[in-house]
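# Descriptive structure summary
The residues making up each chain are set out below.
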Amino acid sequence: MVWGSDAIAADNTAPQQKIRIGYIQWGKPRETLSFPESPTADRGLAGARLAIADNNTTGKFTRQQFELVERKVNSVDEGVQAYDALVADGVTLVIADLPAEGILKLADDKPSATTLIFNIAAKEDSLREENCRADVVHVVPSYTMLADGLAQYLVWKRWPHWFLLTGALPTDRIWADALKRAAGRFGAEIVEERTYSETDTSARTDSGQAQVQRQMPVFTQNAPDHDVVVVADVNEIFAAYVPYRTWDPKPVAGSAGLMPTEWSPTHEQWGGFQTQNRFYDMNHRWMRDIDADAWTAVRMIGEAATRTKSADAATIRAYVTGPKMEVAAYKGQKLTLRSWNQQLRQPILLTDGRTIVSVSPQEGFLHERSELDTMGIDEPETACKLK
């Protein structure tokens, strides 16, 4: 499917440059505990399509036309096959909604001066560090960025004592490690960590809510004195059950309660309200985080093409990964790329699901280059050697 080819009127006064952007969508999204938060069939794609329309608005004046070439996959192997087919067809700028394993396989498959993969889904820091690749740009924030953004706010609130609840799956451990790192970095303390051993949920059984109401207080009782319960549950097995059900009446943060994210349907500042409305008019739903990541990735390509006045993939790649790259993304400041691991710098929104509670970096957390670099792996501590 090609999207966006009819988004602009034909310009017969001069030949147009055509920029084709690949999009590989993961066809097996995880289930969510919250029924209204269930993944949609166009998750991510909807954001990319909006950005194509935005790029083509500018393209009317620059005589550039942007098209989205979509592929849906259900496994990492299918993702590699789709990527190979895109590259063979000359589509070498590719948005990838894939797990970490898939991002690595794509990066190592056909690296060249013209290929560039935009990671919009995998948050693992290993992709930005020991497994970093020169042909991958990370639009989605890493776990450490999200953890640091949350930690700054909790410390600012003077809630330094955390009771950490961790899920039993490997990605939960990665998220928990990022939260523990953030606690140590900003002066908080994990008073105790407990693991929720279940790897499935009974939420939608007839007795599910009753079971949760009995189990969650027992799971959290007899904890040391703490200010906040912090939850690491990437897979949504139990996190949504924690607020209002803990043994002690404490606020909840992390994977439930106060949640760090790159985007939220509740975000309205800095032009976010207008963006949300444009997205809703096109898709009849509100923009979620992966939609925003996909939108940003396509806009990065559009910005590079506009600035360089080129449709050449190698030229666009050089600009995207170079020092002049910046993109406006309705988050209060332009976003730029970290040269040491190609992670996009960006503010972290803290939401309770109904409002934006705060935005990190918080006041007082300083950095010699950019306050955004107080969140995530900084240059002096990186293990990345781009190749």
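Presented here is a report on the structure given in the accompanying data block. Keep in mind the model is a prediction, meaning the values are calculated, not measured.

### Focus on the packing of helix H1 (residues 45-62) against helix H7 (residues 272-283)
For any two helices packed against each other, one specifies the inter-axial angle together with the distance between the axes. Packing of H1 against H7 leaves a shortest axis separation of 10 Å and a crossing angle of 110 degrees. On the basis of their axis angle, the class for H1 and H7 is roughly perpendicular. Along the contact surface, H1 presents Ala-46, Gly-47, Arg-49, Leu-50, Ala-53 and Asp-54, while H7 presents Arg-278, Phe-279, Met-282 and Asn-283. Partitioned by chemical class, the residues of the contact of H1 with H7 number five nonpolar, two polar and three charged.

### Some points on H1
Across its 18 residues, H1 extends 25 Å between first and last C-alpha, which sits within 8% of the 26 Å expected from 1.5 Å per residue. Looking only at H1, the buried set comprises Leu-45, Ala-46, Gly-47, Ala-48, Arg-49, Leu-50, Ala-51, Ile-52, Asp-54, Asn-55, Asn-56 and Gly-59. Of the residues flanking the end of H1, it is Arg-63, one or two places downstream, whose phi is positive at about 55 degrees.

### Looking at the pattern of salt bridges
As enumerated under the stated definition, the model contains 26 salt bridges in all. With its nearest N and O atoms 3.5 Å apart, the salt bridge here joins Glu-326 to Lys-334. Relative accessible area serves as the criterion here: at 33%, Glu-326 is assigned to the partly exposed category. The shortest N-O distance in the salt bridge between Arg-369 and Asp-378 comes to 2.9 Å. Among the residues examined, Arg-369 registers a relative accessible area of 40% and is labelled partly exposed.

### Some points on the sheet that holds strand E11 (residues 259-261)
Read across the sheet, three strands follow the order E11-E12-E13 without closing on themselves; strand pairing throughout is antiparallel. Single-partner strands in this sheet number two, and they are E11 and strand E13 (356-360). Averaged over all pairs of adjacent strands, the angle between strand axes in this sheet comes to 25 degrees, irrespective of strand direction. Two elements, E11 and strand E12 (residues 348-351), share three bridges in a ladder whose sense is antiparallel. For Met-259, the partnering residue across the bridge sits in E12 and is Thr-351.

### Considering the sheet that holds strand E10 (residues 252-254)
Judged by pairing direction, the sheet is parallel, and its four strands sit side by side in the order E8-E7-E9-E10 without closing on themselves. With partners counted over all chains shown, the strands left at the sheet margins are strand E8 (189-195) and E10, one partner each. Here the strands of the sheet are splayed against their neighbours by 30 degrees on average, with no regard to which way each runs. Alignment of strand E7 (residues 161-166) against E8, held across six bridges, turns out to be parallel. Within E8, the residue paired with Phe-163 across the bridge is Glu-192. Seen against the sheet, helix H4 (residues 143-156) touches E7, strand E9 (228-232) and E10 and runs at an angle of roughly 150 degrees to E10. Helix H5 (residues 170-186) rests against E7, E8, E9 and E10 of the sheet, and its axis sits at about 170 degrees to E7.

Conventions and cut-offs
Residues numbered from 1 in each chain as written. Predicted model: local features only at pLDDT ≥ 70, side-chain atom pairs only at ≥ 80, totals over all residues. Heavy atoms only, no water. Axes fitted to C-alpha atoms, helices over the stretch in contact; angles between N-to-C directions. Helix = DSSP H or I, 4+ residues; strand = E, 2+ residues; numbered from the N terminus. Parallel < 35°, antiparallel > 145°, perpendicular 65-115°, else oblique. Contact = heavy atoms within 4.5 Å. Nonpolar A, V, L, I, M, F, W, Y, C, P; charged D, E, K, R; others polar. Expected span 1.5 Å × (residues − 1). Buried < 20%, exposed > 50% of the residue type's maximum accessible area, 1.4 Å probe, protein only. Salt bridge = Lys/Arg side-chain N within 4 Å of Asp/Glu carboxyl O. Pairing = 2+ DSSP bridges.

Shape descriptors only; they carry no functional weight alone.
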